[in-house]
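Here is what each chain is made of, one letter per residue.
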Amino acid sequence: WSEGGLVSVDVAGRTRSWPSAVRPGPDIDILRGVRADWLDGAPILYGRAPGEDRADWHAIGVSPSVNLTAGLEAPPAVLMTADRGALTLFADGRQWAVEPGGVRPLGDPDLRLRWARIPDPERPRRQGQEAERRAWSPALGSKGETLILAATGEAEVAGPPSGPASMRVVGAGPGAVLALEQKELVETLVLRRGDESLPLDAVNQDRADVVLAPTIALVHNNAFGQPTQSSLLLPKGPIKGLFVPIYPGYVDDGGWYGPLFLTYNIRSAVMAGLGYAVLSPSIPADLPGTRDHAFYEESIGLAVDAAFAAYPELPRNRTAIFGHSMGGYVGLILATRTDRYQTYLLSSSAGDMIGKWGEFDPTSRILTEVAPVSMRNHQGWIETGQGEIGATPWSDPVKLAAESPYLHADRIRNPVMLITADQDFIGTSQSERTFSALARLGVRTRMTTYWGEYHARWSPANIRDQYEQILEWLDETLPPETEGKEAQAGAPRP
């Protein structure tokens, strides 16, 4: 990865290398992919130049390379539009033209905007990280108005001159946008064009009386001593406990976003509606030192400390850690290091790095012709990907063992629930090994397997069942609420 570089190929098959000292990031950034584009016939690359702490867009077709976005407060990782050589990006509440010497602001400086980039999980990776090949892009104004921004900076209002703050653009054309207007659980799909807003469809109209818990920004210092922000949702009425969903590099803002989020994770708003305070801690990622086990523990602990300090009524003795995928792996690591948290719920959690390195996923077992490629999923994850361990079972088995919480199961004291699925690329055997170890050690544990499911739940019945399983586990394994209040008051724990 560190030796990689851009190579262009012309229509005749001739190749040209574009050497540069700019790097797209550490090994972990392989998850995001290389971001590059063309400017005046030469590449520009998003990455870090030697001695620079942050990533910027650099023109690398010249020597030395030119940092094009050095003057921006928050340079974006993705360009906005690319049309016949003209590039634009969105940063600091404005649209900018990308030029060989840097960036130039476009449009009205008093018009504060939000880029309405439309995410599409079905798009190929390449299309998801390059600029849209068009001369316009949708945006939202400060009053909720929907706009179409031209590559020249001109802004055309599509629809009425204002809109609800919760509006999200889900589709757009040169003169119109499709938007979702959300009011609590009710979502209305509207077509905004000209000066009209035409409702097309709505869902959850029979749930209009449901009120979602608001998201509270919890400001505190992270493990680097820098200001950061976690998010907290508080239920109405008595608080049953503190539910802490963890994932390095991601903070859940509590928003009620589309079906993909419904299948992919446990919704914070649902858990808050069920009586739990929900804390999504800021865990820095993609930086040196952020892959350390002690760093995970400190990052989560700082967020939990900040929540208890800001809201003393939170029950300190009824805290549950939830983690999915990488979050499940970090949660299992946490369980081997501390008994501060009373119970753990870990979904698609890896635990044995030596076993994971050589394990097939379900696709490889069925379609043997793709096994050589599919096998690299686990190997790459451990060596240079998100796992970032940098070892194979024979080159450094001691390091792999140190990174395997399964091999340190004897340090786990508190209950652990494991959730897995037989079609998951993180094999059921990973959870089975952890379950077997904890059962042998006498630690309270449960494993729930969803047959026919993948890395996330898709069946509505299974989604509902997963919530039921989680609630049942919390009821069974969190200490009685009276015990939590005594502990909070300073009484010795039984």
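Going along each chain's sequence as written, the residues are numbered from 1 onward. It should be noted that, the model being predicted, local features are given only for residues of pLDDT at least 70 and side-chain atom pairs only at 80 or more, the latter also being counted only at that level, while totals for whole chains, interfaces and linings use all residues. Side-chain metrics in this entry use all non-hydrogen atoms of the structure; hydrogen atoms and water are not considered.

K.L.:
Quick one: what's the story with the overall build of the protein, residue by residue and with numbers?
P.N.:
Looking only at helices and strands, the protein features 13 helices and 26 strands. To get the radius of gyration, use the C-alpha atoms; to get the globule rule, take the number of residues to the power 0.38 and multiply by 2.2 Å. In summary, the protein has a C-alpha radius of gyration of 25 Å against a globular reference of 23 Å for 494 residues, a match within 12%. For the protein, the C-alpha atoms occupy an extent of roughly 70 × 60 × 45 Å along the three principal directions. Here the protein, with 494 residues, has 49% of them falling under the buried criterion. Every residue pair with non-hydrogen atoms within 4.5 Å of one another is taken to be in contact. A separation threshold of at least 6 residues defines the contact pool for the protein, and within that pool the share at least 24 residues apart is 56%. Here the protein displays about 23,600 Å² of accessible surface, and carbon together with sulfur accounts for 54% of that area. Elements are defined by DSSP. Helices are runs of H or I of four residues or more, strands are runs of E of two residues or more, and each kind is numbered from the N terminus. Type-normalised accessible area, obtained with a 1.4 Å probe on protein chains alone, sets the label of each residue: buried when under 20%, exposed when over 50%, and partly exposed for intermediate values. To be clear on the numbers: accessible area is Shrake-Rupley with a 1.4 Å probe, and residue cover counts the displayed protein chains and nothing else.

K.L.:
So what's going on with the pattern of salt bridges? Which residues, and what values?
P.N.:
Any Lys or Arg side-chain nitrogen found within 4 Å of a carboxyl oxygen on Asp or Glu counts as a salt bridge. Counted under the stated rule, the structure contains 17 salt bridges. Put simply, Asp-10 and Arg-14 hold a salt bridge, and the shortest N to O gap is 2.9 Å. Linking Arg-104 and Glu-99 is a salt bridge whose minimum nitrogen-to-oxygen distance equals 2.7 Å. Given the relative accessible area of 40%, Arg-104 is considered partly exposed.

K.L.:
Which residues make up the side chain of Thr-81, and what are the values?
P.N.:
Relative to the helices and strands, Thr-81 is located in strand S7 (residues 81–83). Contacts described as polar in this section are N or O atom pairs within 3.5 Å, which, within protein, must combine one atom able to donate a hydrogen with one able to accept it, while residues neighboring in sequence count only if both atoms come from side chains. Here the side chain of Thr-81 touches Thr-88 through a polar contact of 2.5 Å, side chain to side chain. Excluding anything up to four places from it in sequence, Thr-81 contacts Ala-86, Leu-87, Thr-88, Ala-131, Glu-132, Arg-134, Trp-136 and Ser-137.

K.L.:
A description of the side chain of His-220 should follow, citing residues and the corresponding values.
P.N.:
One can find His-220 in strand S19 (residues 215–221). A polar side-chain atom of His-220 sits 2.7 Å from a polar atom in the side chain of Ser-230. With residues up to four places along the chain from it excluded, the contact list for His-220 reads Gln-226, Pro-227, Thr-228, Ser-230, Leu-302, Ala-303 and Ala-306.

K.L.:
Describe the pairing of strand S13 (residues 146–150), naming the residues involved and giving the relevant values.
P.N.:
The buried fraction of S13 is high, at four of five residues. In short, DSSP must find at least two bridges between two strands for them to pair. Taken together, the five bridges between strand S12 (residues 136–141) and S13 define a ladder with antiparallel strand orientation. Counterpart to Ala-139 in the pairing with S13 is Leu-147. Here S13 pairs with strand S14 (residues 155–157) via three bridges, running antiparallel. For Leu-149, the partnering residue across the bridge sits in S14 and is Ala-155.

K.L.:
Tell me what's going on with the sheet that holds strand S11 (residues 113–115), and back it up with residues and numbers.
P.N.:
With respect to topology, four strands assemble into an open sheet ordered S11-S12-S13-S14, the strand pairing being antiparallel. Of all strands in the sheet, those with a lone pairing partner are S11 and S14, marking the two edges. Each strand axis lies, on average, 40° off the axis of its neighbour in the sheet, ignoring direction. Between the N-to-C directions of two axes lies an angle of 0 to 180 degrees, each axis being a line fitted to C-alpha atoms and, for a helix, fitted only over the stretch in contact.

K.L.:
Kindly report on the environment of Gly-175, identifying the contributing residues and their values.
P.N.:
Mapped onto the elements, Gly-175 comes out in the loop between strand S15 (168–173) and strand S16 (176–183). Accessibility expressed as a relative area gives 33% for Gly-175, which makes it partly exposed. For the pair Gly-175 and Ile-148, spaced 27 residues apart in sequence, the C-alpha separation works out to 6.8 Å. Each residue touching Gly-175, except ones within four places of it in the same chain, is listed here: Glu-156, Ala-158, Arg-192, Arg-193 and Gly-194.

K.L.:
Which residues make up the sheet that holds strand S5 (residues 56–59), and what values do they have?
P.N.:
If you trace the four strands from one edge of the open sheet to the other, you get S3-S4-S5-S6, paired in antiparallel fashion. A strand with exactly one partner marks an edge of an open sheet, and here the two such strands are strand S3 (36–39) and strand S6 (66–67). In this structure, S5 lies alongside S6, joined through two bridges in antiparallel fashion. Residue pairing in the sheet places His-58 in a bridge with Asn-67 of S6.

K.L.:
Residue-level account of the nonpolar core, with values.
P.N.:
Throughout this description, the term nonpolar core refers to a set of buried Ala, Val, Leu, Ile, Met, Phe, Trp, Tyr and Cys residues connected via side-chain atoms within 4.5 Å. Core analysis: the largest hydrophobic core is formed by 45 residues, its most contacted members being Leu-242, Leu-279, Ile-300, Ile-321, Tyr-344 and Met-353. Non-local contacts of Ile-300, meaning those with residues more than four positions away in its chain, are made with Ile-246, Pro-281, Ile-283, Ile-321, Val-330, Leu-334 and Tyr-341. Counting residues in each nonpolar core, the second largest holds 22 residues, with Ile-266, Met-271, Ala-272 and Phe-322 among its members.

K.L.:
Explain the pairing of strand S24 (residues 343–347) to me, using residue names and the numbers behind them.
P.N.:
Taken residue by residue, a regular strand's side chains alternate between the two faces of the sheet. Most of S24 is tucked away, with five of its five residues classed as buried. Residues of S24 alternate between two faces, with Thr-343, Leu-345 and Ser-347 on one and Tyr-344 and Leu-346 on the opposite face, all of them buried. The handedness of the strand S23 (residues 319–324) to S24 crossover, carried by helix H5 (residues 326–337), is right-handed. Seen with its strands pointing away from the viewer, a crossover is right-handed if its path from the first strand over the helix to the second goes clockwise.

K.L.:
Quick one: what's the story with the environment of Ala-335, residue by residue and with numbers?
P.N.:
Relative to the elements of secondary structure, Ala-335 occurs in helix H5. For Ala-335 and Ser-282, which are 53 residues apart along the polypeptide, the C-alpha to C-alpha distance reads 19 Å. Leave out the neighbours within four places in its chain, and Ala-335 touches Tyr-344, Arg-411 and Ile-412.

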